[in-house]
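The lines below spell out each chain.
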Amino acid sequence: MTLHTVEIPEDNAVFGQTTSAFASFGYSAAVRAHGLLFIAGTIGRRADGTIPDTIEEQTEIAIRKIEEILRLENLDLSALVDVTSYHVDIRQHLPGFVEAKQRLVEAPYPTWTIIGVSGLASPGLLVEIRATAAHP
């Protein structure tokens, strides 16, 4: 089986200084295998490393990071086939998440599973999104 690891350049404007997390935690941003692109959980941390207070901004940043990974693979959001998002305080933040998601993700829609969790890797994080895309 041939695997291709997607590397995010250190000078990437969308990821900024957050690219250090890949080496620190020992994982890849995305891996391509058998025509599918598996994108690791992506959070809404700004390029400077700070975490926004709102679910809307965190959602937008996370989706923009996924969009950037797809761009590096010559794909766009329409290539997504399966998405799972993890939400802290889901009942409180779901409306803001849905609003931001609807602004950024257009039909045809991927499958999407939404899961409530008690917490994420850093205090203040409200959403983490992992995705799978298909190469045409």
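Basis of the calculations
Residues numbered from 1 in each chain as written. Predicted model: local features only at pLDDT ≥ 70, side-chain atom pairs only at ≥ 80, totals over all residues. Heavy atoms only, no water. UniProt positions renumbered as here; feature names shortened; annotations may be inferred. Helix = DSSP H or I, 4+ residues; strand = E, 2+ residues; numbered from the N terminus. Buried < 20%, exposed > 50% of the residue type's maximum accessible area, 1.4 Å probe, protein only. Polar contact = N/O pair within 3.5 Å; in protein donor to acceptor, adjacent residues only side chain to side chain. Expected span 1.5 Å × (residues − 1). Salt bridge = Lys/Arg side-chain N within 4 Å of Asp/Glu carboxyl O.

- Going by an unreviewed UniProt entry, the protein chain carries the name Membrane protein and comes from Streptomyces rapamycinicus.
- Quoted verbatim from the Sequence similarities (unreviewed entry) field of the UniProt record, the comment on the protein chain reads "Belongs to the RutC family."

1. A look at the environment of T54
Move 1: Note that T54 resides in the loop between β3 (36-43) and α2 (55-72).
Move 2: Residue classification places T54 among the partly exposed positions, given a relative accessible area of 37%.
Move 3: Reaching out from T54, the side chain makes a polar contact with the backbone nitrogen of E57 at a distance of 3.1 Å.

2. Focus on α2
Move 1: For α2, built from 18 residues, the straight-helix expectation of 26 Å at 1.5 Å per residue is met to within 8% by its first-to-last C-alpha distance of 26 Å.
Move 2: Buried within α2 we find I55, Q58, T59, I61, A62, I63, K65, I66, E68, I69 and L70.

3. A look at the pattern of salt bridges
Move 1: In the structure shown here, the tally under the stated rule is seven salt bridges.
Move 2: Put simply, E73 and R32 hold a salt bridge, and the shortest N to O gap is 2.8 Å. Here the residue E73 occupies a position in the loop between α2 and β4 (80-88), and R32 occupies one in strand β2 (residues 30-33), the gap between them amounting to 41 residues.
Move 3: Look at E73 and you get buried, because its relative accessible area is 8%.
Move 4: With relative accessibility at 27%, the residue R32 sits in the partly exposed group.
Move 5: Across the pair E60 and R103 runs a salt bridge whose closest N-O atoms are separated by 3.5 Å. Remark: R103 occurs in helix α3 (residues 90-104) and E60 occurs in helix α2; sequence separation between them is 43 residues.
Move 6: Classification of E60 by relative accessible area gives partly exposed; the value is 27%.
Move 7: Owing to a relative accessible area of 43%, R103 belongs among the partly exposed residues under this scheme.

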